[in-house]
Amino acid sequence: MTTVPVSAAKDVVAPGRGGVGDSVLRPDGTLKVTGEFAYASDLWIDGMLFGVTLRSPHARARIRSIDVGPALAVPGVEAVLTHEDVPGRKVYGLEHADQPVLAIGEVRHQGEPIALVAADHPETARHAAEQIRVGWEVLEPITDARAVIADPDSLRVQDRGGIARHQPVRVGDMVAARARAEVVVSGDFSVGIQDQAFLGPESGLAVPGEDGGIDLFVATQWLHNDLRQIAPCLGLPDEKVRMTLAGVGGAFGGREDLSMQIHAGMLALRTGRPVKIVYNRYESFFGHVHRHPALMRYEYGATRDGRILYADAEIVLDGGAYTSSTLAVVANAASLGLGPYEIPNIEIDAYGVYTNNPPCGAMRGFGAVQACFAYESMMDRLGEACGVGPVEIRRINAVGQGSKLATGQVIDSPAPLADMLTRLEAMPLPAPPDTADLRNLPGGVSQTTHGEGVARGVGYGVGIKNICFSEGFDDYSTARVRLEVVGGEATAVVHTAAAEVGQGLVTLQAQIARTELGVDRVVIQPADNGVGDAGSSSASRQSYMTGGAVKAACEAVRADVLALARERLGGTYEDLSLIGGKVVSASAGALAEIADVLGDRVVEQTREYHHRPTVAMDPVTGQGDTHVQLALCVHRAVVDVDVELGLVKVVELAAVQDVGKIMNRLSLEGQIHGGSAQGLGLALMEEIVVQDGLVRNPSFTDYLIPTILDMPPMRLDILESPDPAAPYGLRGAGEPPTLSSTPAIVAAVRDATGRALTRVPIRPEHICR
Amino acid sequence: MRVRFSVNDREQVADDVWEGESLLFVLRERLGLPGAKNACEQGECGSCTVYLDGVPVCACLVAAGQAQGREVRTVEGLASADGLAPVQQAFAECGAVQCGFCTPGLLVQADDLITRVPDPSDAEIREALAGNLCRCTGYEKILEAVRRAAELKAAGR
């Protein structure tokens with residue numbers, strides 16, 4: 001029934017060795033280095049059309065009229081669609097369905113989709129889209145998030161009102177604490193809009209099925225949640241929307257929300273032909289949500305020796321026009337807003353607001369990143385005010401196992417923050433700069449001086465991130481595992497809907513199957529919705545959740561195989577396991593080949609894995625056991641700053657992270673390096689610049705991400721303090737490094753320059769004013 | 001228009017090419033060679049890097065017509081009958097590939113570097129790869145992979 005594109009995802013065969021804990025190589029590595037790995041933008045099928053999206057040039061405007069006639073008249077154009085052509089529900093969204101599939105009478109942000117064109121060549125489609133005539137009534141955009149909080153009723157961007165969520169946290173007696181404080185420090189901090197800037201643009205292919213349904217091959221982070229949003233809008237039952245993951249070129253949160261999925265589906269259903277949509281980089285900047293920009297006010301009171309007595313914080317997150325994941329981002333900012341420190345009296349107000357600025361949602365670190373910059377800046381201020389060094393002030397206030405978070409949740413597994421800081425401080429420091437070689441100076445070969453104005457600085461940063469979804473969400477994962485003999489060799493076949501986005505989940509699934517089933521050969525089937533929900537590849541949760549599901553399914557398969565073995569062997573062995581392709585008795589040694597025990601039988605089991613339950617934050621006090629697991633990372637940054645030119649060179653980043661269990665050191669180090677690099681980007685260069693709701697720099701020419709010249713060598717120290725609640729004792733690892741590298745770098749630049757630096761990214765004019 | 005050029009040692013002909021099409025578009029959409037990647041299509045990210053007459057170029061910045069009669073080598077043409085090229089083997093072994101979208105361009109650029117400079121210093125590697133963006137790896141494993149590729153190449157692999 002289904003026509004499969006020539007380059008659709010295929011089984012990934014992992015024939016090698018190596019179980020949990022080994023630095024196993026990616027099974028898709030060879031495909032990726034030979035150019036054969038099929039990304040979503042590489043999909044190709046006979047007779048396909050190319051779809052493009054007409055988007056709003058305005059941040060806020062009414063649509064008086066849309067005339068698609070001139071576009072339809074362009075030769076080669078097969079369809080032009082507007083909101084009137086949406087077959088089903090006309091809105092969608094991750095948390096609230098408040099986002100129009102195509103604008104209905106009004107646009108609320110620049111780049112909002114208005115109309116779709118399908119044509120036989122992408123340039124024809126683009127040219128036709130430019131012929132669509134839209135009658136605009138441009139309105140004054142609402143862009144001041146603090147103004148919205150002050151007057152949410154009149155500054156309404158959409159029907160839901162001005163404020164998406166206000167989450168307070170109230171702990172202890174602030175009045176008494178203020179009276180006792182011997183030292184008070186305060187600060188205003190802000191964070192610009194960061195973009196995920198994954199390199200593989202949004203893309204996918206929709207193929208109409210003979211049954212009136214549709215096959216979607218897309219790059220996403222969560223197939224099943226895409227499906228829940230797509231099917232109602234296409235007016236199809238879930239079973240008629242078949243989703244297959246196409247190769248994903250990075251994600252970092254930017255593929256949690258839908259982009260081209262419904263649009264390609266609409267064009268394919270209308271034309272009866274396959275339709276491919278690939279965004280270019282300009283469109284990509286408008287095609288996905290970004291990291292929320294933040295405005296933050298903090299005040300801490302402490303004893304003279306640096307023990308924090310109270311914290312008072314206001315965190316304002318601008319979500320743009322639609323809800324996306326703002327509600328959960330606010331929860332993270334509120335619950336983790338003071339970091340991993342013991343603070344007895346707390347007043348936090350975290351807000352997510354609607355404006356006409358670019359829409360914001362998930363990005364690596366998810367609400368914990370913005371607050372981390374503020375609370376770590378505050379720790380440095382407090383240390384300075386108390387005459388205590390940056391490491392010591394953090395150690396004095398550090399949480400440990402048994403400490404309470406701001407939410408009242410007790411940390412019930414290891415959290416060795418003080419020890420991590422001690423180890424970080426003890427790492428050797430890099431040599432002083434060799435100013436004879438310009439390449440070592442800030443600015444590199446573009447340096448116009450001989451390093452006269454260069455000063456070195458050292459800074460520290462600490463971060464805490466929740467792992468898995470919080471606040472009562474049951475984000476379970478499902479795995480189907482089959483053991484059978486293929487070509488004489490026992491082979492494990494693993495099928496999940498979990499998205500491999502580059503992080504190495506396919507590698508880990510194979511490692512777990514080898515460890516649990518004692519076989520070498522593992523086949524990872526393409527992720528699709530032919531198997532149960534795996535949840536999202538976000539919140540650093542897939543090793544924990546899909547790892548847990550694969551482990552559980554393997555254990556069930558193993559139990560069946562061992563039962564077969566007992567039947568065959570006759571004895572009443574109670575000490576059997578599967579090791580090295582054999583059924584092994586602890587007392588009697590190897591008894592049989594797994595392949596012989598299986599014969600032509602296929603043993604298959606499917607398991608769901610659920611994490612422990614959590615609860616929502618109390619709407620008044622913010623209290624509750626809201627998080628599944630917490631993870632810590634600490635960074636030290638060493639920088640050279642040209643204080644006259646405002647140029648920064650990060651000389652070295654050192655990090656200590658506790659991951660519970662190293663599942664694959666090679667992959668893990670890559671996560672820490674990459675996460676640290678994104679934190680460096682936020683500290684020094686990455687910002688979507690917005691003026692009156694309009695993006696000024698939607699290109700890699702003007703939105704800068706770190707190059708190999710910007711990223712310094714790293715020193716890593718990885719700890720393994722197991723979490724007894726998690727599979728193998730592991731702790732999610734992808735996000736924490738993104739939190740702490742930013743404040744460490746900013747602290748180092750402060751150390752070098754003496755500037756206050758209350759905003760990221762730091763710009764040259766902040767340094768040399 | 002018709003464009004005729006050699007890709008990975010094979011003569012190729014593309015018909016009905018629109019004058020505005022890039023070499024990248026022709027490779028990906030007309031010749032079935034999607035290895036070179038389309039991350040920015042404006043010469044900023046390096047993910048579409050291919051050899052044009054032996055010199056690394058951003059295929060997105062080369063008009064298809066400019067390739068007429070010339071020799072193109074893409075990531076698909078780096079391996080030989082003996083197996084993976086040193087850069088390919090080293091990138092896979094060293095963990096230099098995560099999502100892999102930047103990899104094809106980096107491989108061509110790195111292959112060019114170790115061909116010109118058999119034992120590059122870290123500063124030389126950084127300079128050579130400064131035009132290739134990677135969002136996943138933080139570049140540490142890429143540096144390691146290029147050092148390793150140089151070793152493999154020197155050892156005659």
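Residues numbered from 1 in each chain as written. Chains lettered and ligands numbered in written order. Predicted model: local features only at pLDDT ≥ 70, side-chain atom pairs only at ≥ 80, totals over all residues. Heavy atoms only, no water.

A.B. asks: Help me get a handle on the environment of D9 of chain B, residues and values and all.
C.D. replies: Along the chain, D9 of chain B turns up in the loop between β1 (3-7) and β2 (10-14). Between the C-alpha atom of D9 of chain B and that of V72 of chain B, which follows or precedes it by 63 residues, the distance is 8.1 Å. (Helix = DSSP H or I, 4+ residues; strand = E, 2+ residues; numbered from the N terminus.)

A.B. asks: Any details on the interface of chain B and chain A? Residues and values, ideally.
C.D. replies: By convention, interface size is frequently given as the accessible area that disappears when the constituent parts associate. Of the residues lining the interface, 50 residues belong to chain B; the matching set on chain A comes to 58 residues. With both chains or domains summed, chain B and chain A bury close to 4,200 Å², and 60% of this area falls on carbon and sulfur atoms. Ranking the residues of chain B by area buried against chain A places Q98, R126 and R135 of chain B at the top, with a combined share of 19%. In this structure, the connection of chain B to chain A is made through six salt bridges. (Contact = heavy atoms within 4.5 Å. Buried area = accessible area lost by both parts, 1.4 Å probe. Salt bridge = Lys/Arg side-chain N within 4 Å of Asp/Glu carboxyl O.)

A.B. asks: Please give an account of the pairing of strand β8 (residues 113-119) of chain A that cites residues and values.
C.D. replies: All names here are of chain A. In terms of residue burial, β8 counts as a mostly covered element, since seven of its seven residues are buried. Across six bridges, strand β2 (residues 49-55) lies against β8 in antiparallel orientation. Residue pairing for β8: R55 is matched across the bridge by P113. In terms of strand pairing, strand β4 (residues 77-81) meets β8 through four bridges, oriented antiparallel. In the sheet register, V80 faces β8, and the bridge partner there is V117. (Buried < 20%, exposed > 50% of the residue type's maximum accessible area, 1.4 Å probe, protein only. Pairing = 2+ DSSP bridges.)

A.B. asks: Residues and numbers for the environment of E144 of chain B, please.
C.D. replies: Residue and element names in this part refer to chain B. Note on placement: E144 falls in helix α5 (residues 140-154). Under the relative-accessibility criterion, E144 is labelled partly exposed at 35%. Separated by 108 residues in the primary sequence, E144 and A36 place their C-alpha atoms 23 Å from one another.

A.B. asks: Give me the lowdown on the packing of aromatic side chains, citing residues and values where you can.
C.D. replies: Residue and element names in this part refer to chain A. Counting across every chain of the model gives 12 aromatic pairs over all chains. When the centroid spacing of 6.5 Å and the interplanar angle of 55° are considered together, the rings of Y544 and Y609 count as tilted. One end of the pair, Y544, is in helix α14 (residues 542-569); the other, Y609, is in strand β28 (residues 603-609), and 65 residues separate them in sequence. Accessibility classification places Y544 together with Y609 in one group, the buried group. Here the aromatic cluster, defined as three or more aromatic residues joined through ring pairs, consists of F189, Y298, Y300 and F373. Directly above the ring of Y279 sits R55, whose terminal nitrogen or CZ lies 5.0 Å from the centroid. Lying over the aromatic face of F469, R541 brings its terminal NZ or CZ to 5.8 Å of the ring centre. (Phe/Tyr/Trp six-rings, centres within 6.5 Å; stacked < 30°, edge-to-face > 60°. Lys NZ or Arg CZ within 6 Å of the ring centre and 35° of its normal.)

A.B. asks: Which residues make up the sheet that holds strand β14 (residues 241-245) of chain A, and what values do they have?
C.D. replies: Residue and element names in this part refer to chain A. Read from one edge of the open sheet, seven strands run β4-β8-β2-β15-β12-β13-β14, paired in mixed fashion. For this open sheet the edge positions go to β4 and β14, each flanked by a neighbour on one side alone. Direction aside, neighbouring strands of the sheet carry axes that sit 20° apart on average. As judged from the four bridges shared by strand β12 (residues 203-208) and strand β15 (residues 275-278), these two strands associate in the antiparallel manner. By the bridge assignment for β15, L205 is matched with K276. Packing against the sheet, helix α3 (residues 122-131) makes contact with β2, β4 and β8, and its axis sits at approximately 30° to β2. Lying over the sheet, helix α6 (residues 223-234) contacts β13 (214-218) and β14, oriented at roughly 145° with respect to β14. (Axes fitted to C-alpha atoms, helices over the stretch in contact; angles between N-to-C directions.)

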